[in-house]
Amino acid sequence: GDSVTQMEGPVTLSEEAFLTINCTYTATGYPSLFWYVQYPGEGLQLLLKATKADDKGSNKGFEATYRKETTSFHLEKGSVQVSDSAVYFCALTDPRGYGGSQGNLIFGKGTKLSVKP
Amino acid sequence: ETGVTQSPTHLIKTRGQQVTLRCSSQSGHNTVSWYQQALGQGPQFIFQYYREEENGRGNFPPRFSGLQFPNYSSELNVNALELDDSALYLCASSLGGRGASSYNEQFFGPGTRLTVL
C-alpha cells in the first residue's frame with residue numbers, strides 16, 4: 001500500500017542554518033503530497049502542499065518540490081529560526097480515495113527539529 | 001470562525017474500559033476524520049464520517065466505532081481498551097464529499113491524550 005518514509009530525527013540546528021528534511025513516498029496512483037507541522041501541545045497544521053509532479057509548495061520560507069522521478073518531497077528552508085522548532089510530518093493522499101474515503105492522509109513518522117539560538 | 005475543538009484534553013482509563021472522545025468540526029465543514037497518533041509515530045487514519053455516515057475506514061478493529069451528528073460534530077468510541085490504545089487521538093474536519101476526486105484541506109484539532117493503564 002501507499003507509504004511515506006522520512007528521515008529520522010531529532011535534527012538540531014543553530015539559528016540561520018539551512019534545513020533539509022528528506023521524504024520519499026510509495027504510491028500506486030498519483031498522490032498529492034504535504035508537509036504538516038506540529039508545535040508542542042498543538043494539533044497538526046498544514047505547512048505546504050503539491051498536487052502534481054514538479055509542483056513546488058512554499059510557505060513561511062519553507063519549500064518542497066514534488067519529484068515523481070525520485071518519488072521524493074524534501075522539505076527545505078534557507079535560514080531556520082528558533083520558532084521553527086517543532087515536529088514535521090510528510091504525508092500523502094491518493095485523490096482517488098483511501099479505504100473508500102476521500103483524501104485521507106498517510107503520514108510519515110515525523111522529524112523533530114530543534115533550533116538553538 | 002471557530003476551529004476544530006476536541007474534548008477532553010486528557011483522559012486516563014484502565015484496560016477493558018470504554019471511552020468516548022468528542023470533536024466539534026470547523027464551521028461549514030461536513031466531514032470529520034479521526035486519526036490515532038502513538039508516541040513517536042505519525043498519525044494513522046481510523047475512519048472518516050461524511051454527512052453522518054462512515055465514509056472509509058483504516059486498519060482498526062471494530063471496537064473502534066464512531067458517530068457523526070446532524071451538526072457534523074463527531075464521537076469516537078473505543079470499547080475494551082487495551083494498553084496499546086494509549087495515544088493522541090486527532091480529529092480533523094474538512095469540506096468534502098463522497099467520491100470527490102480532489103483533496104480538501106483537513107483542519108486538525110489539538111487532540112485528546114488517552115492513557116490506558
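Residues numbered from 1 in each chain as written. Chains lettered and ligands numbered in written order. Predicted model: local features only at pLDDT ≥ 70, side-chain atom pairs only at ≥ 80, totals over all residues. Heavy atoms only, no water.

Q: Is there a simple way to explain the overall build of chain A in this structure?
A: Of the regular secondary structure elements, chain A holds 0 helices and 12 strands. Its C-alpha atoms give chain A a radius of gyration of 14 Å, within 12% of the compact-globule value 13 Å for 117 residues. The principal-axis extent of the C-alpha atoms belonging to chain A is close to 45 × 30 × 20 Å. Out of the 117 residues belonging to chain A, those deemed buried represent 47%. (Helix = DSSP H or I, 4+ residues; strand = E, 2+ residues; numbered from the N terminus. Rg over C-alpha atoms; globule rule 2.2 N^0.38 Å. Buried < 20%, exposed > 50% of the residue type's maximum accessible area, 1.4 Å probe, protein only.)

Q: What should I look at first to understand the sheet that holds strand S7 (residues 56-59) of chain A in this one?
A: Strands belonging to one sheet form pairs held by backbone hydrogen bonds; the direction of such a pair is parallel or antiparallel. Residues and elements named next belong to chain A. Strand order across the open sheet formed by 4 strands is S3-S9-S8-S7, with antiparallel pairing between neighbours. Both edges of this open sheet fall to strand S3 (19-21) and S7, since each of them pairs with a single strand only. Taken over all neighbouring pairs, the strand axes of this sheet differ in orientation by 15° on average, direction set aside. (Pairing = 2+ DSSP bridges. Axes fitted to C-alpha atoms, helices over the stretch in contact; angles between N-to-C directions.)

Q: Could you clarify how one ought to interpret unusual backbone geometry in this entry?
A: Leaving glycine aside, a negative phi is the common case for residues, and trans is the common case for peptide bonds. A cis amide bond links glycine 9 of chain A with the next residue in sequence, proline 10 of chain A, at an omega value of -5°. You can see proline 10 of chain A is positioned in the loop between strand S1 (3-6) and strand S2 (11-14). Here the amide bond leading from serine 7 of chain B into proline 8 of chain B is cis, since omega sits at -10°, within 30 degrees of zero. Tracing the chain through its elements places proline 8 of chain B in the loop between strand S1 (5-7) and strand S2 (10-13). Not every positive phi belongs to a glycine, and lysine 60 of chain A is a case in point at roughly 55°.

Q: Explain the sheet that holds S1 of chain B here, please?
A: Residue and element names in this part refer to chain B. The strand order S1-S3-S8-S7 describes an open sheet built from 4 strands, whose pairing is antiparallel. Strands at the two margins of the open sheet, each flanked by one partner only, are S1 and strand S7 (64-68). Here the average twist between neighbouring strands, direction ignored, is 20°. Sheet analysis places strand S3 (residues 19-24) next to strand S8 (residues 74-78), joined by 5 bridges and oriented antiparallel.

Q: Help me understand the state of the cysteines in this model?
A: Defined simply, a disulfide is a covalent bond joining two cysteines at their sulfur atoms. All names here are of chain A. If you walk through the whole model with that rule in mind, you get 2 disulfides over all chains. The residue that forms a disulfide with cysteine 23 is cysteine 90, at a sulfur-sulfur distance of 1.9 Å. Measuring handedness by torsion sign, the sulfur bridge of cysteine 23 and cysteine 90 sits at about -70° and is left-handed. In this pair, cysteine 23 sits in strand S4 (residues 23-26) while cysteine 90 sits in strand S10 (residues 86-93), placing the two residues 67 residues apart along the sequence. The exposure classification of cysteine 23 matches that of cysteine 90, with both residues buried. (Disulfide = S-S within 2.5 Å.)

Q: Just checking my understanding: could you explain the environment of serine 79 of chain A for this structure?
A: Locating serine 79 of chain A in the fold gives a position in the loop between strand S9 (75-77) and S10. Along the chain, serine 79 of chain A and serine 14 of chain A lie 65 residues apart, while their C-alpha atoms are 9.4 Å from each other.

Q: Could you clarify how one ought to interpret the packing of aromatic side chains in this entry?
A: Where two aromatic rings form a pair, the distance of their centres and the angle of their planes describe that pair. Inspection of the entire model under this criterion finds 12 aromatic pairs over all chains. These aromatic residues form a ring-pair network of at least three members: Phe34, Tyr36, Phe89 and Phe107 of chain A together with Tyr35, Phe45 and Phe108 of chain B. (Phe/Tyr/Trp six-rings, centres within 6.5 Å; stacked < 30°, edge-to-face > 60°.)

Q: I keep staring at the side chain of serine 72 of chain A and nothing clicks. Help me out?
A: All names here are of chain A. Tracing the backbone shows serine 72 in the loop between strand S8 (62-65) and S9. Serine 72 gets classed as buried once you look at its relative accessible area, which sits at 4%. Sequence-distant contacts of serine 72, that is, excluding residues within four places in its chain, are made with Cys23, Thr24, Tyr25, Leu33, Thr65, Tyr66 and Arg67. (Contact = heavy atoms within 4.5 Å.)

Q: Any chance you could explain the nonpolar core here in plain terms?
A: Most often, soluble globular proteins keep nonpolar side chains buried together rather than apart. Trp35, Leu48, Phe73, Leu75 and Tyr88 of chain A are the most contacted members of the largest nonpolar core, which has 27 residues in total. Counting residues per element, the ones that place at least two in this core are S2, S3, S4, strand S5 (32-38), strand S6 (44-50), S8, S10 and strand S12 (111-116) of chain A. Looking at which element gives the most residues to this core, the answer is S10 of chain A, with 4 residues. Val4, Cys23, Tyr89 and Cys91 of chain B belong to the second-largest nonpolar core, a separate cluster that totals 20 residues. (Core = buried A, V, L, I, M, F, W, Y, C linked by side-chain atoms within 4.5 Å.)

Q: Explain the pattern of salt bridges to me, please; I cannot follow it from the model alone.
A: Between side chains of opposite charge, pairing is possible as soon as their charged atoms come close. Here the structure, examined in full by the defined rule, presents 7 salt bridges over all chains. For glutamate 63 of chain A, the salt bridge goes to lysine 56 of chain A, with nearest N and O atoms at 3.7 Å. With a shortest N-O distance of 3.4 Å, glutamate 54 of chain B and arginine 57 of chain B are connected by a salt bridge. A network of salt bridges, in which partner residues are shared, links Arg63, Glu82 and Asp85 of chain B. (Salt bridge = Lys/Arg side-chain N within 4 Å of Asp/Glu carboxyl O.)

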